[in-house]
Amino acid sequence: MASSSSSTSSSSVAVKRLSNLTNHLRPTNSNALVKVYAEVSEALSSGRPVVALESTIISHGMPYPQNLETAKEVEAIVRENGAVPATIAILDGIPCIGLSVEQLERLAQLGKSAQKTAHRDIAHVVATKRNGATTVSATMCFAAMVGIPVFVTGGIGGVHRHGEHTMDISSDLTELGRTPVAVVSAGVKSILDIPRTLEYLETQGVCVAAYKTYEFPAFFTEQSGCKVPCRVDSPEECAQLIGKCKQET
């Protein structure tokens, strides 16, 4: 029965992926919701691993050409580990899932003139045909739309200090609670209120796990003084956890 259930679950995932591809991935159709880079589309169709990458780090994280060099290096690391990178951005109002070298360079040169785009901003950036660099929440949204299950980034947003008064809480956290994409990151930025961030993630039903430790990272440091409820000690355990989380959604 377990084998049959597992087979049925795998078939359902495959059918959903094909449905997403049929409905959304039409690069030659000017009315398509998104434009998927050919390499990414082929990988999704054949079931090869694809890793989503955000683009705000390119436009807002560092100056040109360092930003371009970093973007290429990150994509190369993904490839070296057997997956296809899919850097996500909005160019001329078109959400792009996976960028060519030319598109990466264009985004890098645009820098901060590209709008920093969270989930709430997507409709406006697309409607006005602007250029947008996606944050964690927007990247997760597009990754889920096309069936990319894993997204890698640096630090995610969180609850700001004194957030209990200002209600300044990153939309990354609500996106993590509603969008079935596994986010591999270095934790939240150390300037944020990490204990309240973890409490908020718990409220959102987000499974928070650390690799080979119970310590929650704080972006540039491995130690924050805060503990996570789950620990995984191998890539296989990571994959099993991600699989079980997806089954719950």
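Values in this document were obtained by computation on a predicted structure and should not be read as measured data.

**Q** Can you walk me through the side chain of Glu 215 in this structure?
**A** Positionally, Glu 215 belongs in the loop between β9 (209–211) and β10 (230–232). A polar side-chain atom of Glu 215 sits 2.6 Å from the main-chain amide nitrogen of Gly 225. Of the polar contacts made by the side chain of Glu 215, one reaches the side chain of Lys 227; its length is 2.8 Å.

**Q** Could you clarify how one ought to interpret the nonpolar core in this entry?
**A** The tendency in soluble globular proteins is for nonpolar side chains to be buried as a group. In this structure, Val 40, Val 50, Ile 97, Ile 148 and Phe 216 are the most contacted members of the largest nonpolar core, which totals 40 residues. Among the elements of the structure, α2 (38–46), β2 (50–53), β3 (84–91), α6 (122–127), α7 (136–146), α9 (171–178) and α10 (194–203) are those that each provide at least two residues to this core. For this core, the element with the most residues is α7, which contributes 7 residues. Once you skip the residues sitting within four places of it in the chain, Ile 97 turns out to touch Val 34, Lys 35, Val 36, Tyr 37, Val 40, Ala 86, Thr 87, Ile 88, Phe 142, Val 146 and Ile 148. Leu 68, Ala 89, Cys 96 and Ala 114 belong to the second largest nonpolar core, which has 11 residues in total.

Cut-offs and rules
Residues numbered from 1 in each chain as written. Predicted model: local features only at pLDDT ≥ 70, side-chain atom pairs only at ≥ 80, totals over all residues. Heavy atoms only, no water. Helix = DSSP H or I, 4+ residues; strand = E, 2+ residues; numbered from the N terminus. Polar contact = N/O pair within 3.5 Å; in protein donor to acceptor, adjacent residues only side chain to side chain. Core = buried A, V, L, I, M, F, W, Y, C linked by side-chain atoms within 4.5 Å. Buried < 20%, exposed > 50% of the residue type's maximum accessible area, 1.4 Å probe, protein only. Contact = heavy atoms within 4.5 Å.

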